[in-house]
Every structure is written in structure tokens, then in C-alpha cells.
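Residue-level listing of the chains:
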Amino acid sequence: SYSSSIHNPSSVLDLHGCTRQEALAKLDDSLKVWVNSAMQGSYPFVQKAWIVCGCGDQILSGTVQDWIRCNEHVSNAPNIRRG
């Protein structure tokens, strides 16, 4: 659930203030931790992760979306509207 995942510091990556290159390096480093954590879990070996990139000019948001699309170990969560 959101509340249990958000309290696991290894599952939250805050990219506020990062350059594009810094964000990509942090994403790649975090992926290693997330994959390791998922593989220590149970089938289907999924690790939820929250990537926070803020608003602004959307450079980091676009960078994260491109990184997700290009990485076979990562996918976007379904779009769920909270009301």
C-alpha cells in the first residue's frame, strides 16, 4: 500500500534539485537496491518505488519517464486518481 511503501526509505527516491545527469545516476543506483529487495521478496518479485521529481519545467519528469521506458526492469504503476 502507499502508506507502507512511502515509509520504507529505500523505496522513495527524491530527485528535487538534481541535474538530469545526477537524477540518472541516482535512478541507476537505486534500481540496484530495488531489484535486490524485490528478489529477496516473494513472487512476483516486485518492489514498489516512489520517484519524486517535483514540478518546474518538467525536465526531470521527462528524464524519469524516458528512463522507465528504456529499462526492462521498471514499469509505471497504473494511474490511480485519489479523491
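Residues numbered from 1 in each chain as written. Predicted model: local features only at pLDDT ≥ 70, side-chain atom pairs only at ≥ 80, totals over all residues. Heavy atoms only, no water.

Draft legend 1. Examining the overall build of the chain more closely. From N to C terminus, the chain includes three helices and two strands. Counting from the amino terminus, the chain carries its helices and strands in the arrangement α-β-α-β-α. Out of the 83 residues in the chain, the part that is buried amounts to 23%. Across the chain, contacts joining residues at least 24 apart in sequence account for 59% of those joining residues at least 6 apart. As displayed, the chain offers around 6,200 Å² of accessible surface, 54% of which is attributable to carbon and sulfur atoms. (Helix = DSSP H or I, 4+ residues; strand = E, 2+ residues; numbered from the N terminus. Buried < 20%, exposed > 50% of the residue type's maximum accessible area, 1.4 Å probe, protein only. Contact = heavy atoms within 4.5 Å. Areas by Shrake-Rupley, 256 points an atom, 1.4 Å probe, with all protein chains shown as cover.)

Draft legend 2. Looking closely at a nonpolar patch on the surface. A cluster of nonpolar side chains, namely Val 35, Met 39, Tyr 43 and Phe 45, defines an oily patch on the protein surface of about 450 Å² accessible area. With respect to the helices and strands, Phe 45 occurs in the loop between α2 (20–39) and β2 (50–52). We classify Phe 45 as partly exposed; its relative accessible area is 36%. (Patch = residues over 30% accessible without salt bridge, like charges linked within 9 Å, V, L, I, M, F, W, Y side chains within 5 Å. Salt bridge = Lys/Arg side-chain N within 4 Å of Asp/Glu carboxyl O.)

Draft legend 3. Structural view of α2. Along its 20 residues, α2 runs 28 Å from first to last C-alpha, staying within 8% of the 28 Å computed at 1.5 Å per residue. Every buried residue of α2 is accounted for by Ala 23, Leu 24, Leu 27, Ser 30, Leu 31, Trp 34 and Ala 38. Projected down its long axis, α2 carries its buried residues within an arc of 135°, all on one side. Those residues of α2 that are exposed and angled more than 90 degrees off the buried face are Gln 21 and Lys 32. Elements in contact with the buried residues of α2: β1 (12–14), β2 and α3 (59–70). (Expected span 1.5 Å × (residues − 1). Arc of directions from axis to C-beta.)

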